[in-house]
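Letter by letter, the chains look like this.
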Amino acid sequence: MSAQTVFSILDHINKWLRKRNIKIFEKMKRSDDPEQLKANDPEYMKVSQFVNRISKSRLAHKSFDCQAYARSLMHFESYLREHPEELQNNLYRLQRICGALDEPDYVIGVAETRKNKAKLHELIFQHEAVGKVHDALACYESMGKNETENPETMMGMLKCYLEIDQPHTAAVLVRGLADRHPEWSDQLKPYQIEAAWQL
């Protein structure tokens with residue numbers, strides 16, 4: 001709730017800056033330098049400097065946490081325009097935002113710009129976002145060989161088995177995981193129910 005309030009205030013401030021900018025340009029003569037006109041308006045400069053001090057990367061992150069995905073993309077694109085050298089380090093983050101916006105084509109497009117080999121968790125997200133469940137399962141199985149104690153990996157594997165219509169395999173895996181990890185019982189229940197329903 002407090003984050004949404006901050007976003008509303010920032011929206012209001014940015015709207016004020018746009019209106020003030022229009023007023024400045026309405027007074028402009030052909031020979032005037034627009035940047036100098038802005039610099040001559042102390043109120044505009046103070047507010048503009050205040051807004052520019054706020055981290056766009058942090059705004060994008062907080063927007064994503066609040067499920068304001070379009071706002072997150074807006075701030076993150078702004079951040080990347082200011083710091084183009086950071087693009088390769090933030091491709092997965094950009095893919096997650098595009099995936100949350102249900103834009104699989106953008107997820108693929110972002111992947112095409114990758115210069116380094118994607119990590120397994122990045123590939124999993126990419127495959128899931130575009131509906132390649134078999135490929136995501138292969139990645140989960142590869143991770144599962146080393147991460148049998150990681151609940152996220154195992155739950156991801158279960159989800160894939162259920163999505164590709166293999167409830168028997170999912171049911172067997174759920175039983176094994178429940179025996180080995182009784183502390184995961186709450187997380188495993190939905191998969192047990194889904195597997196039993198599909199059988």
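Residues numbered from 1 in each chain as written. Predicted model: local features only at pLDDT ≥ 70, side-chain atom pairs only at ≥ 80, totals over all residues. Heavy atoms only, no water.

Regarding the packing of aromatic side chains
Working step 1: Counted under the stated rule, the structure contains three aromatic pairs.
Working step 2: Consider the rings of Phe76 and Tyr79, whose centres lie 5.9 Å apart with planes at 20 degrees: the pair is stacked. Residue Phe76 and its partner Tyr79 are located together in helix α5 (residues 69–82), separated by three residues, close to a single helical turn.
Working step 3: For Phe76, a relative accessible area of 0% puts it in the buried group.
Working step 4: On the numbers, 5.9 Å between centres and 90 degrees between planes, the contact of Tyr92 with Phe125 is edge-to-face. Of the two residues, Tyr92 sits in helix α6 (residues 91–100) while Phe125 sits in helix α8 (residues 120–129), which places them 33 residues apart along the sequence.
Working step 5: For Tyr92, a relative accessible area of 24% translates into the label partly exposed. (Phe/Tyr/Trp six-rings, centres within 6.5 Å; stacked < 30°, edge-to-face > 60°. Helix = DSSP H or I, 4+ residues; strand = E, 2+ residues; numbered from the N terminus. Buried < 20%, exposed > 50% of the residue type's maximum accessible area, 1.4 Å probe, protein only.)

Some points on the nonpolar core
The tendency in soluble globular proteins is for nonpolar side chains to be buried side by side.
Working step 1: The biggest cluster of nonpolar side chains holds 24 residues, and the ones touching the most others in it are Met157, Leu158, Tyr161, Leu173, Leu177 and Leu188.
Working step 2: Of all the secondary-structure elements, those providing two or more residues to this core are α9 (133–144), α10 (151–163), α11 (167–180) and α12 (185–198).
Working step 3: Considering each element in turn, this core owes the most residues, seven residues, to α10.
Working step 4: Those residues in contact with Leu177 that sit more than four places away from it in its chain are Met154, Leu158, Trp184 and Leu188. (Core = buried A, V, L, I, M, F, W, Y, C linked by side-chain atoms within 4.5 Å. Contact = heavy atoms within 4.5 Å.)

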